[in-house]
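Chains, contacts and geometry: an overview
Here are the chains, one letter per residue:
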Amino acid sequence: MNLSAADWQAIELTLKLAATVTVLLLILCTPLAWWLATSKSRWRGPVAAIVALPLVLPPTVLGFYLLLAMGPNGWLGKLSQELGIGLLPFTFWGLVLASMCYSLPFVVQPLQSSMQAIGNRPLEVAATLGAGPLDRFFTVVLPLSKPGFIAASVLGFAHTVGEFGVVLMIGGNIPGQTRVVSVQIYDHVEALEYGQAHGLAASLVAFSFVVLLLLYYSQYKKSASNMRFGL
Amino acid sequence: MCTLLMTSSSKAEELLVAVAANFSGPMQEIAEVFTQTQPHKIQLAFGSSGKFFAQIVNGAPYDLFFSADQTKPQALIDQNLALTSSRFTYALGALALWSADPLKINNDASVLVSDNFNKLALANPKLAPYGLAAMDVLINMQLMEASQKRWVQGENIAQTYQFIASGNADIGFVAVSQIMQNAVLKKGSAWIVPSTLYRPIKQDAVLLKRSKHLTTAKLFMDFMQGPEASHIIRSFGYTLEQKQP
């Protein structure tokens, strides 16, 4: 494979972005998913709908509103300027924030469904053994949701790697800051450098395939071990 | 057979025309004027020239292609996909330094030199002729090194405009056709860059061989070079090539 220095820089940046976004999303989404899995609040429906919005909205819509919101006249832009951070578009952390919005449902939903699958019984048992709510969450809920955490990490990471429309709208194509792999591929294609586009695009296809393969293997193993316990 | 040909050439046809994004304004007006006097219909598709090129090579059913540069129409001719004789320069693009802030630019380059801006938006020079022209200006003014840290690049000239219009970039290089209509600046402030500072932005059009409406397509190409179309093209800030004798 003949990848240029600029291609490698884009790959490095993409991995850094996806790793940062995944870690931050796991921290943010764990309590959110737990609340969605257990709450009986009337806000549960609206919040679940907002979380799922990035699944159905075209990335250009998300990118366009983020560009306006993060701009000097938008509410996020005013906030970030008052905090002394400056404007977020065209920066790495601007991309992190945008990617978190974009990949949110891919992290929340696997967590939520694995937490829902636990049911009340293990928690009631833990409670009768004297475990408090926090104790129950850390020693019962988290270990039992492990498959959900694996799926959430893999999907959140992979989905951020594959992000394009949002980055295009707010990135500004700055090498080492916002020029990620998908944008680099787009540039190659637009510049009619189809050979180089192939190199990077094929790498991305291979990467995505391996990631999904690992995910499905881990799930097959899980269902096989469940069966063993069942017997 | 003869009568068949006669009837098919006089019936209303529909042309599908691929147009570079920067030319969307004038093209809409020209197509409207054309269809007022002709029975034919014109469907316009706007986008980046690079994408249209890839689509045409892979079989997209366009009749005409209005590129933002000269290389892509030439490449289509080289691949035997476009008619050599049909190629002509339909417009010469003009470049402007623009800000959404009405007080930022005083019809000169002083803001570029003064450093008094957060970001400088330009179209990606690798992809867009207007980006290449912007680079020429910066090189000629010896501002490449000083400005490079503040560049933000749009994938095309429309996105570059968006970066500036939303206020995220204080200033940037855009096409005059985007900010002017009937020789009046629509909003903000601007410096119309002297054409001596950059290579001419020659925009070429070609007729595609795959077209099933060659006669109508030629008719439209002729109309593009007539006085009515020329007047519209100029009103958006483009210039026209001197007709060769």
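Each chain has its residues counted from 1, following the order in which its sequence is written. Both sets of labels track the order of writing: A upward for chains, 1 upward for ligands. Restriction of local features to residues with pLDDT of at least 70 applies here, the model being predicted, together with a cutoff of 80 or more for giving and counting side-chain atom pairs; totals for whole chains, interfaces and linings are based on all residues. In computing side-chain properties, one takes all heavy atoms of the structure into account and sets aside hydrogens as well as water.

Overview of the UniProt feature "transmembrane region" (unreviewed entry) in chain A
Residue and element names in this part refer to chain A. Operational definition: UniProt positions are given in the numbering used here, feature names are shortened, and annotations may be inferred rather than shown by experiment. Elements are defined by DSSP. Helices are runs of H or I of four residues or more, strands are runs of E of two residues or more, and each kind is numbered from the N terminus.
Mapped onto the present numbering, the UniProt feature "transmembrane region" (unreviewed entry) falls at residues 17-37, 49-70, 90-108, 149-174 and 194-217. Between the first and last C-alpha atoms of residues 17-37 the distance is 28 Å; the span itself is 100% helix and 0% strand. Secondary structure across residues 90-108 comprises 89% helix and 0% strand; the distance between its end C-alpha atoms is 27 Å.

With respect to the pattern of salt bridges
Residues and elements named next belong to chain B. Counted only if it meets this: We define a salt bridge as a side-chain nitrogen of Lys or Arg found within 4 Å of a carboxyl oxygen belonging to Asp or Glu. A 1.4 Å probe rolled over the protein chains alone gives each residue an accessible area, and that area as a share of the maximum for its type sets the label: buried under 20%, exposed over 50%, partly exposed in between.
Applying the stated rule across the entire model yields seven salt bridges over all chains. Residues Lys-72 and Asp-69 are paired through a salt bridge, measuring 3.0 Å at the closest nitrogen-oxygen approach. Of the two residues, Lys-72 and Asp-69, neither departs from the other in class, the shared state being buried.

Thoughts on helix α2 (residues 24-37) of chain B
Defined as follows: Expected helix span is taken as 1.5 Å per residue step, with the number of steps being one fewer than the number of residues. We call two residues contacting when some pair of their heavy atoms lies within 4.5 Å.
Look at α2 of chain B: 21 Å from first C-alpha to last across 14 residues, which is about the 20 Å you get at 1.5 Å a residue. Buried-residue contacts for α2 of chain B involve β1 (14-20), β2 (41-47), β3 (64-66), α10 (214-224) and α11 (227-235) of chain B.

Description of empty space enclosed by the protein
One water molecule sets the probe size; rolling that probe over the atoms shows where empty space is left. Residues and elements named next belong to chain B. The test is simple: In this analysis the probe radius is 1.4 Å and the grid spacing 1 Å, with only protein atoms considered; a cavity is a set of points the probe fits into but cannot get out of, a pocket is an open set with protein on both sides within 12 Å along at least five of seven lines, and lining residues have an atom within 4 Å of a point. Grid points are joined across faces, edges and corners, and a volume is the space filled by probe spheres set on the points. Ten residue types, Ala, Val, Leu, Ile, Met, Phe, Trp, Tyr, Cys and Pro, are classed as nonpolar, four, Asp, Glu, Lys and Arg, as charged, and the remainder, Gly among them, as polar. Note that domain bounds follow an automatic or database assignment of domains.
Evaluated as defined, the whole model comprises four cavities of 30 Å³ or more. Approximately 150 Å³ is the volume found for the largest cavity. At the level of secondary structure, the elements contributing two or more residues to the lining of the largest cavity comprise α3 (49-57) and α6 (129-140). For the lining of the largest cavity, the per-class residue count stands at eight nonpolar, six polar and three charged. Three or more residues apiece are contributed to the lining of the largest cavity by two domains, here domain 1 (2-92 + 202-235) and domain 2 (95-192). Taken together, Leu-112, Asp-115, Phe-117, Leu-143, Ala-146 and Ser-147 form the lining of the second largest cavity.

Quick notes on the pairing of β2 of chain B
Each regular strand displays side chains that alternate between the two surfaces of the sheet. Residue and element names in this part refer to chain B. Stated formally: DSSP-based pairing: two strands are paired if at least 2 bridges between them are found. Seen with its strands pointing away from the viewer, a crossover is right-handed if its path from the first strand over the helix to the second goes clockwise.
Of the pairings in the sheet, the one linking β1 to β2 comprises seven bridges and is parallel in character. Bridging from a neighbouring strand, Val-17 pairs with Leu-44 of β2. Each parallel crossover has a hand, and for β1 linked through α2 to β2 it is right-handed.

A short note on the confidence of the model for chain B
All names here are of chain B. Cut-off, in case you're wondering: Scored between 0 and 100, pLDDT is the confidence that the predictor attaches to each residue.
Here chain B averages 90 in pLDDT, while 95% of its residues score no lower than 70. Per-element averaging of pLDDT across chain B places helix α1 (residues 2-10) at the bottom with 46 and β3 at the top with 97. Below pLDDT 50 for its whole length, residues 1-9 participates in one contact with residues either more than four positions away or in separate chains. Interface confidence in the predicted complex, given as ipTM, is 0.74; pTM for the same model is 0.81.

Some thoughts on the interface of chain A and chain B
For clarity, the cut-off: Reported buried area values correspond to the accessible surface (1.4 Å probe) lost by two parts on association, with both partners' losses combined. As used in this structure description, the phrase polar contact means that two N or O atoms lie within 3.5 Å; if the pair is within protein, one of them must be able to donate a hydrogen and the other to accept it, and residues adjacent in sequence are counted only when both atoms belong to side chains.
With 24 residues of chain A in contact, the opposing surface of chain B contributes 22 residues. Across the chain A/chain B interface, buried area totals approximately 1900 Å², and carbon plus sulfur atoms make up 58% of it. Applying the counting rule to chain A against chain B returns one salt bridge. The closest approach of N and O atoms between Lys-126 of chain B and Glu-193 of chain A, which form a salt bridge, is 3.4 Å. Linking chain A with chain B are nine residue pairs in polar contact (both at pLDDT 80 or more), by the criterion used here. Contributing elements (two or more residues each) for the side of chain A that touches chain B: α3 (59-70), α9 (165-170) and α10 (181-190) of chain A. The leading source of residues in the side of chain A that touches chain B is α10 of chain A, at five residues. In terms of residue class, the side of chain A that touches chain B is built from 16 nonpolar, four polar and four charged.

Details of the UniProt feature "binding site: molybdate" (unreviewed entry) in chain B
Residue and element names in this part refer to chain B. With numbering matched to this structure, UniProt assigns "binding site: molybdate" (unreviewed entry) to Ser-49 and Ile-157. Across 109 residues of sequence, these annotated residues stay compact in space, with a maximum C-alpha separation of 11.3 Å. Those annotated residues that line the largest cavity are Ser-49 and Ile-157. Take Ser-49: it is sitting in helix α3. Once you skip the residues sitting within four places of it in the chain, Ser-49 turns out to touch Ala-20, Phe-65, Ser-67, Ala-68 and Lys-72.

Examining the packing of aromatic side chains
This is how it is decided: The aromatic pairing rule takes the rings of Phe, Tyr and Trp, using the six-membered ring of Trp, and pairs them if the centres are within 6.5 Å, calling planes under 30 degrees apart stacked, those over 60 edge-to-face and the rest tilted.
Under the criterion given, the structure shown has 16 aromatic pairs over all chains. Judged by centre distance (4.8 Å) and plane angle (75°), the rings of Phe-90 of chain A and Phe-163 of chain B are edge-to-face. Residue Phe-90 of chain A is located in the loop between α4 (75-82) and α5 (92-118), and its partner Phe-163 of chain B is located in helix α8 (residues 157-165); the two belong to separate chains. Note on Phe-90 of chain A: relative accessible area 2%, which makes it buried. Residue Phe-163 of chain B is classed as buried on the basis of its relative accessible area of 0%. Ring centres 4.7 Å apart and planes at 70° place the aromatic pair Phe-23 of chain B and Tyr-90 of chain B in the edge-to-face group.

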